[in-house]
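Chain by chain, the residues run as shown.
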Amino acid sequence: MKKLTLFTIIFGFLCVSLLVFSYWKGSRSTVMDTGEFRSKPIWTFETTESITSTSAYDDGKVYIRTDKSVVALEAKTGKQLWQAESLGDVPLSRSPVVFGQYLIVPEKESQIAAFSTNTGQLIWRTPPLNMAVLYSPWIESITVANNLVFVARFDWSLSAYK
């Protein structure tokens, strides 16, 4: 009788363990486990222009750069907060960078513009670089630190803006 009881307990434990593992495995499956992505977007924002860079995120807002504008969206809902004209025509430009209350945006002719993250108002814009002098003035990267904006360009130059 003891053997039957011990067998029943072990068998029951194994069955329950198998059920729990099956449930856990099924509820925690990922793209790596199944090869498919089951999640659906919670929102989608469509523009009339092509998106020309990766997005930037800060403080509940996501920013995108299009051919001719920069757009701020509420990250949770996708609701457009503001849109500002930006000098585009760059097929694939570098991403905007959030710097405190400023959104630093690369523009055509290697210009940089700063917009208010709250309103989209243009705060400042650098003058265009002399295209005849520079072979390839396109922006390579933008970094912000210590109240300075550093801009590396494909012409092997690095500029700092305050």
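Structure first, text after, so check above.
Below you will find a few notes about this structure. (Residues numbered from 1 in each chain as written. Predicted model: local features only at pLDDT ≥ 70, side-chain atom pairs only at ≥ 80, totals over all residues. Heavy atoms only, no water.)

### Observations regarding the sheet that holds strand 4 (residues 80-85)
Judged by pairing direction, the sheet is antiparallel, and its four strands sit side by side in the order 1-2-3-4 without closing on themselves. Both edges of this open sheet fall to strand 1 (56-58) and strand 4, since each of them pairs with a single strand only. Averaged over all adjacent pairs, the angle separating strand axes in this sheet is 20°, with direction ignored. (Pairing = 2+ DSSP bridges. Helix = DSSP H or I, 4+ residues; strand = E, 2+ residues; numbered from the N terminus. Axes fitted to C-alpha atoms, helices over the stretch in contact; angles between N-to-C directions.)

### Some points on the environment of Gly 88
Tracing the backbone through its elements, the reader meets Gly 88 in the loop between strand 4 and strand 5 (97-99). With 18 residues separating them in the primary sequence, Gly 88 and Val 70 have C-alpha atoms 9.3 Å apart. Once residues within four sequence positions are removed from consideration, Gly 88 is found in contact with Arg 65, Asp 67 and Lys 108. (Contact = heavy atoms within 4.5 Å.)

### With respect to the pairing of strand 4
When strand 3 (residues 69-74) meets strand 4, the two strands line up antiparallel, connected through five bridges. When the sheet's bridge partners are listed, Ser 69 is paired in strand 4 with Glu 85. The hairpin turn running from strand 3 into strand 4, its antiparallel successor, is five residues long, and Gly 78 in that turn takes a positive phi close to 80°.

### With respect to the pattern of salt bridges
Under the defined criterion, the tally for this structure stands at one salt bridge. The salt bridge involving Arg 125 is made with Glu 107; its shortest N-O contact spans 2.6 Å. Of the two residues, Arg 125 is situated in strand 8 (residues 122-125) and Glu 107 in the loop between strand 6 (102-106) and strand 7 (112-116); the sequence distance between them amounts to 18 residues. Under the relative-accessibility criterion, Arg 125 is labelled partly exposed at 31%. (Salt bridge = Lys/Arg side-chain N within 4 Å of Asp/Glu carboxyl O. Buried < 20%, exposed > 50% of the residue type's maximum accessible area, 1.4 Å probe, protein only.)

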